[in-house]
Amino acid sequence: MAFFKNFKPFLGSKSCTERNDIHLKINDSMITDQQQVAEELVEHFATLADGIGGTAIERKSIEDFRDHPCVQRIQYENRNSTHTIEMESVMTQGQVHVALHSLNINKATGTDGIPSKVLKIGAKELSAPLTTLFNSCINKNAWPSEWKWGHWAPVYKKDDRNAKENYRPITLLPCVSKVLEKLVEAQINSGFGNRIYQNSSAYRKAHSCETTLINLVEDWRLARDQRQVVSILSTDMSKAYDSLHPPLLLSKLEAYGFQESAIQLLNSYLNERKYQVKIGRHVSSSRFVSRGCPQGSSLGPLLWNVFQNDLSYCLTAELIYVCRRPSNLPRRSRPGSCDFPIKG
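Residues numbered from 1 in each chain as written. Predicted model: local features only at pLDDT ≥ 70, side-chain atom pairs only at ≥ 80, totals over all residues. Heavy atoms only, no water.

Asks: Explain the pairing of strand 5 (residues 273-279) here, please?
Replies: Side-chain direction in a regular strand flips from residue to residue, so the side chains alternate between the two faces of the sheet. Most of strand 5 is tucked away, with 5 of its 7 residues classed as buried. Alignment of strand 3 (residues 149-156) against strand 5, held across 4 bridges, turns out to be parallel. Bridge pairing in strand 5 links Trp 149 to Lys 274. In this sheet, strand 7 (residues 287-289) lies alongside strand 5 in antiparallel orientation, the contact comprising 3 bridges. Among the inter-strand pairings, Lys 274 is bridged to a residue of strand 7, identified as Phe 288. As judged from the 2 bridges shared by strand 5 and strand 6 (residues 282-283), these two strands associate in the antiparallel manner. The partner of Lys 278 across the bridge, within strand 6, is Val 283. Between strand 5 and strand 6, which pair antiparallel in sequence order, lie 2 residues; one of them, Gly 280, sits at a positive phi of approximately 60 degrees. (Buried < 20%, exposed > 50% of the residue type's maximum accessible area, 1.4 Å probe, protein only. Helix = DSSP H or I, 4+ residues; strand = E, 2+ residues; numbered from the N terminus. Pairing = 2+ DSSP bridges.)

Listed below in structure tokens is the structure:
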């Protein structure tokens, strides 16, 4: 890192315009005007998850999902739990000060135009009024509408750069909103963190691709030492964040024991979010989005982990037992068989 910082001035660089320009091919025509590109992308991002989930997405309230198989399974698995999760009505000035002081000044500025560096420098002076403001939001179970307005920054993923399907939206949010997100995230983690499936590694402290690979390789090694067959099933969740349906998530939270106040606050956070695509100086028109959780937010990864956590309930003891190779089969079983406990 130190070498790169010293050597960077000698490297050639492209202009800001060249670096940010996106060209899209729409109906066999190449669009180079950045304002038009922004309009095409905002429409694409806003409708990205349309149709995913079938008729279930027509349900619009928490009550509509109480009979959903996933929600009923969560209720069954947690039937003996008396643990509830609620938002603390009072945040201390010290908590807010720590959250402000820990801001990453290298993050992009959000729609409020306030750089994180300003909030970090003024953490001591700003912590008192922001504490009052944050506590008011929690007491009213409401997320300010101005904090739900974000810019989508199109980020190229792979393959053809001229195809809009190969860009994903990263959300640039107001920095003040992200501070409150961190504080709410900490409260949810303290009450729910130990209930996340133990083999889930995404977006968790002390977990990473490296720890997952170490665990898997060790399990595979032990399985081979015991003369078992190791089979691997690899899947990828496409449009995961974008397809999240807030009413289903909130109904799952209710089944896990989240109190009404916490559900109302998160409902306010997720609903009526407004976005624009920003490419350099070009900003598209606005779109309201009713699905998904913001990529680039502090709460998004945690809410996604909670949303998919009940997948682990499918890994029952019976399933693991059935997947084991019966002792009367030969050592080299047929391709496709699985004889080791499935890890999520």
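Asks: Hey, could you run me through the environment of Lys 278 in this one?
Replies: Within the fold, Lys 278 resides in strand 5. Classification of Lys 278 as partly exposed rests on a relative accessible area of 36%. Considering only alpha carbons, one finds Lys 278 and Ala 153, 125 residues apart in sequence, at a separation of 5.8 Å. Other than its neighbours up to four places away in sequence, Lys 278 contacts His 151, Trp 152, Ala 153, Pro 154 and Val 283. (Contact = heavy atoms within 4.5 Å.)

Asks: Honestly, the pattern of salt bridges in this entry has me stumped. Any pointers?
Replies: A side chain of one charge can pair with a side chain of the opposite charge when the charged atoms of the two come close. If you walk through the whole model with that rule in mind, you get 8 salt bridges. Taking the shortest distance from any N to any O, the salt bridge between Glu 43 and Arg 287 comes out at 3.0 Å. Here Glu 43 is found in helix 3 (residues 34-46), whereas its partner Arg 287 is found in strand 7, with 244 residues between them in sequence. Judged by relative accessible area, which is 36%, Glu 43 ranks as partly exposed. Between Glu 77 and Arg 73 there is a salt bridge, with the nearest N and O atoms lying 3.0 Å from each other. Of this pair, Glu 77 and Arg 73 both sit in helix 4 (residues 69-77), 4 residues apart, which is roughly one turn of that helix. (Salt bridge = Lys/Arg side-chain N within 4 Å of Asp/Glu carboxyl O.)

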